[in-house]
Amino acid sequence: MALRDLAYTHSDFPYLVFYPGGKKNKAVRSIPNKVRKESLSRIHTIIERLVGRLSIKEIDSLQRFLQLDGRSLLPVLLDKEGELDHGGLVKPELFLFRTFSREHGIPIHKEYVFETKISMMSNEQLEKLVESLIQQYTYCAYIHETSHAEWIRDLEERFEQHPLVLFAHSKREELQAVERMNRSNLLSQLKYPEDISFWRHRVEIVMRPFRSIPSDWLWSEGCACEHDKEMYVYSDQEELELYCEICDFSVFLKEETLRLEEEFDIEKAKKRIHTIERQFNEIAEKNDVVLDKIKRLEGIQQKSSRYEMEWNEILLLLKKIQALPKHKGNQPSSPWIDLFRGMEAMKLPKVKHASPLVWLSDVELPHVSMLKRVDEWEGLLHQDVSSELDDLKMELVSYLEGNTMTREEEFTKVNKQSFYWGEVEQVLQFVHDTSGVYPAHTITQVLIGKATNKIRSEQLDKAIQFGAMEDWQEKDAMKALKSLEKQGFLRKLQKGFALTDQAVPYIQETT
Ligand SMILES: [Zn+2]
């Protein structure tokens, strides 16, 4: 930092230090008599009076902050002519955590200057301003003793020690359970809806303090969120602000106390959390029917998991059926499919918890209608499951065979012309092999076998698919491509087409 190199002192004003203001002003060389008499001597006399109130420690700290020697304490900015620059007095934030170039003066930032003409101020006004400024410089000198990065760390650590945050951490399980339960589809299945709606209304009030802090801050593994943060210094209020732009959240530090954007009555928050937990558990007690059904679903899940291998085979067949280009007749349905799909998607807590709220909040049913099928599913599992699943498998296999398209089979009609499955496969293969390279009209020309100069020069007349739709008109072949796009096999690109996931099972990977 070259602040020391820019400093200019004058024996008439030992408490002041002068800096060149503005980028094009390299150095202070002299100070005109008029400025000395009118403004500087007034400021200096005030400081002479005030300096006795500062401790030696404060003066030392201030001089270290501004890299000053002798008795100088307060900076004054002068312009090229030696006049006061923008009023001359500046806020100390201008010098905090900053370095300055030896080639330029101190750049003027509007937020740090006062723009007041000292000659227009009464002695009383000026004294008030200088007194407050010295206090602000002393505050910034104190801030300067710790590095910028350390302050940020310090504020993050203090956030973790804030009473609301400490309390939230001690009740993490319950607080998160309340939020999960409040969103749970199970609420609609619980008895006494008026109790439930009262509880949800209370949740909105009780959770406000915890919702006022972004979850990245409240529930992070380390201290506060993991994003890079800004720190702002407000010397006039002697306050620091730590701000995360991504979370749009700040905390403030004043006189050793960390403050959140919004403060709440912690004792009240503690009591309220306890109350909504108790209220929910009373609701749960009255709903033993639902709780019992969930436990029975757990039994169904355990029992059905013995048939995982069979279910995986069925699942594979279902996927193949899903991918069929065309379906004839009704697709097979079976209560077994619902049962296994339900069990697969259902999540139950692994361990019991003393609080029904915490336990129930960990129950995830893909559909609440599962609760109505408990009797039916238990009944199913009392049958000979393996042989039932074998029957289902056979039914699916036969459906799949009955629906597999042959090359000679008509897939659809385009302008009264049959579009055979064999042709569709060729189109898909060509699009796959050349995806995004050729525009739609080149693709159709290849397919109908039109050997234009361009096609010959690209050797596309050698492609296997050249002439795959040779008895088609060019405009109809284009319509055939559009029809494949409409049916979800092709996706339009800026140039030509690409395959969709639906088309993938019908192409052969060439290596
Ligand atoms: Zn953040």
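Conventions used here
- Residues numbered from 1 in each chain as written.
- Predicted model: local features only at pLDDT ≥ 70, side-chain atom pairs only at ≥ 80, totals over all residues.
- Core = buried A, V, L, I, M, F, W, Y, C linked by C-beta atoms within 7 Å.
- Buried ≥ 20, exposed ≤ 12 C-beta atoms within 10 Å, placed from the backbone.
- Helix = DSSP H or I, 4+ residues; strand = E, 2+ residues; numbered from the N terminus.
- Contact = placed C-beta atoms within 7 Å.
- UniProt positions renumbered as here; feature names shortened; annotations may be inferred.
- Domains from an automatic or database assignment.
- Pairing = 2+ DSSP bridges.
- Axes fitted to C-alpha atoms, helices over the stretch in contact; angles between N-to-C directions.

Enquirer: Help me out: how do you make sense of the nonpolar core in this one?
Expert: Nonpolar side chains in soluble globular proteins generally cluster together in the buried interior. One finds Leu-16, Leu-74 and Val-76 to be the most contacted residues of the largest nonpolar core, which totals 81 residues. Per-element tally for this core: the top contributor is helix H4 (residues 123–144), with eight residues. Sequence-distant contacts of Leu-74, that is, excluding residues within four places in its chain, are made with Tyr-15, Leu-16, Ile-47, Leu-133, Ile-134 and Tyr-137. Grouped together as the second largest cluster of nonpolar side chains are 24 residues, Phe-430, Leu-460, Trp-472 and Ala-503 included.

Enquirer: Help me out: how do you make sense of the UniProt feature "domain: RQC" (unreviewed entry) in the protein chain in this one?
Expert: Here the UniProt feature "domain: RQC" (unreviewed entry) sits at residues 423–495. Between the first and last C-alpha atoms of residues 423–495 the distance is 22 Å; the span itself is 52% helix and 4% strand.

Enquirer: Even after reading the chapter, I still don't get the domain arrangement of the protein chain, so can you show me in this structure?
Expert: The extent of an interface is frequently quoted as the accessible surface area lost upon association of the parts. According to the domain assignment, the protein chain contains domain 1 (3–144), domain 2 (148–284), domain 3 (288–403) and domain 4 (410–506). On a C-alpha basis, the centroid separation for the pair domain 2 and domain 4 is 58 Å.

Enquirer: Hey, could you run me through the sheet that holds strand S4 (residues 239–244) in this one?
Expert: Two pairing modes exist for strands in a sheet, parallel and antiparallel, and in both the strands are linked by backbone hydrogen bonds. If you walk across this open sheet you meet the four strands as S3-S4-S5-S6, and the pairing is antiparallel. Two strands bound the open sheet, and with one partner strand each, they are strand S3 (230–234) and strand S6 (257–260). Taking each pair of neighbouring strands and ignoring which way they run, the sheet shows an average axis angle of 25°.

Enquirer: So what exactly am I meant to see when it comes to the environment of Leu-62 here?
Expert: As for its position among the elements, Leu-62 is in helix H3 (residues 56–66). Judged by the 23 C-beta atoms lying within 10 Å of it, Leu-62 falls in the buried class. Distance from Leu-62 to Val-251, taken between C-alpha atoms, is 26 Å for residues 189 residues apart in sequence. Sequence-distant contacts of Leu-62, defined by excluding residues within four places in its chain, comprise Leu-73, Tyr-137, Thr-138 and Ala-141.

Enquirer: What exactly am I supposed to notice about the environment of Ser-41 here?
Expert: By the element assignment, Ser-41 lies in helix H2 (residues 33–50). On a C-alpha basis, the gap between Ser-41 and Pro-107 in space is 25 Å, while along the polypeptide they are 66 residues apart.

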